[in-house]
Amino acid sequence: MQFVRLEKDKGSKQLGFTEFEKKVLRCVLTIPLGETRTYKWVAEKIGRPKSARAVGNVLNKNPFPLIIPCHRVIKSSGSIGGFSCGKANKKKLINLEKKIKNMLK
DNA sequence: GCGGGCCTTCATT
DNA sequence: AATGAAGGCCCGC
């Protein structure tokens, strides 16, 4: 059952980040408030234009879903795509951030 | 809208 | 070390 991955007490998982993860997280963190970027954008930024999927994978299991602005990352088509914490909230968050940006303007 | 392909990580053999 | 599986996708038709 590889689907049911029980979190071992310790030492089973990678405690550190891989270079790929670091690059992705860094790029995502550089996204300004109220701005939305695409997975492609991040992929190109990290030097892997075709790894948009891998980018999504990192964000999917990213260590801090609430800290990493994964909700600012959307699909190239303009759709929300998916979100670790719920797509519904993602849309709201984007809208909310846009509002905040407008307020600060 | 559908189908195929790209890239990375993790678990198992 | 190698293989299989999955993931929040992208591109072309």
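Figured I'd write up the structure that's included with this text.

Reading guide: rules and limits
Residues numbered from 1 in each chain as written. Chains lettered and ligands numbered in written order. Predicted model: local features only at pLDDT ≥ 70, side-chain atom pairs only at ≥ 80, totals over all residues. Heavy atoms only, no water. Near = heavy atom within 4 Å. Polar contact = N/O pair within 3.5 Å; in protein donor to acceptor, adjacent residues only side chain to side chain. Helix = DSSP H or I, 4+ residues; strand = E, 2+ residues; numbered from the N terminus. Nonpolar A, V, L, I, M, F, W, Y, C, P; charged D, E, K, R; others polar. Salt bridge = Lys/Arg side-chain N within 4 Å of Asp/Glu carboxyl O.

## Observations regarding the protein's contact with DNA strand B
Surrounding DNA strand B, one finds 11 residues, the nearest of these being T18, K50, S51, R53 and A54. Backbone sugar and phosphate groups make up 71% of those atoms of DNA strand B lying within 4 Å of the protein. N57 has a polar side-chain atom sitting 3.3 Å from a base oxygen of DNA strand B. Measuring from a sugar or linking oxygen of DNA strand B, one finds a side-chain N or O atom of K61 at 3.4 Å. With three residues, helix α3 (residues 52–60) is the largest single contributor of residues to the surface near DNA strand B. Counted by class, the surface near DNA strand B contains two nonpolar, four polar and five charged residues.

## Structural notes on the protein's contact with DNA strand C
By nearness alone, 20 residues border DNA strand C, and Y39, L59, N60, S76 and S84 come closest of all. The sugar and phosphate moieties of DNA strand C supply 51% of its atoms located within 4 Å of the protein. In this structure, Y39 approaches DNA strand C through a side-chain N or O atom, which is 2.5 Å from a base nitrogen. K40 is positioned such that a nitrogen or oxygen atom in its side chain is 3.1 Å from a phosphate oxygen of DNA strand C. Only α2 (39–45) and α3 provide two or more residues apiece to the surface near DNA strand C. At seven residues, the largest contribution of residues to the surface near DNA strand C is made by α3.

## What about the pattern of salt bridges?
Here the structure, examined in full by the defined rule, presents six salt bridges. The residue R37 makes a salt bridge to E35 at a minimum N-O spacing of 3.4 Å. The salt bridge involving E35 is made with K101; its shortest N-O contact spans 2.6 Å. On the criterion of sequence distance, the pair formed by E35 in the loop between α1 (19–29) and β1 (37–38) and K101 in helix α4 (residues 87–104) is long-range, its members being 66 residues apart. The network of salt bridges with common partners includes E35, R37 and K101.

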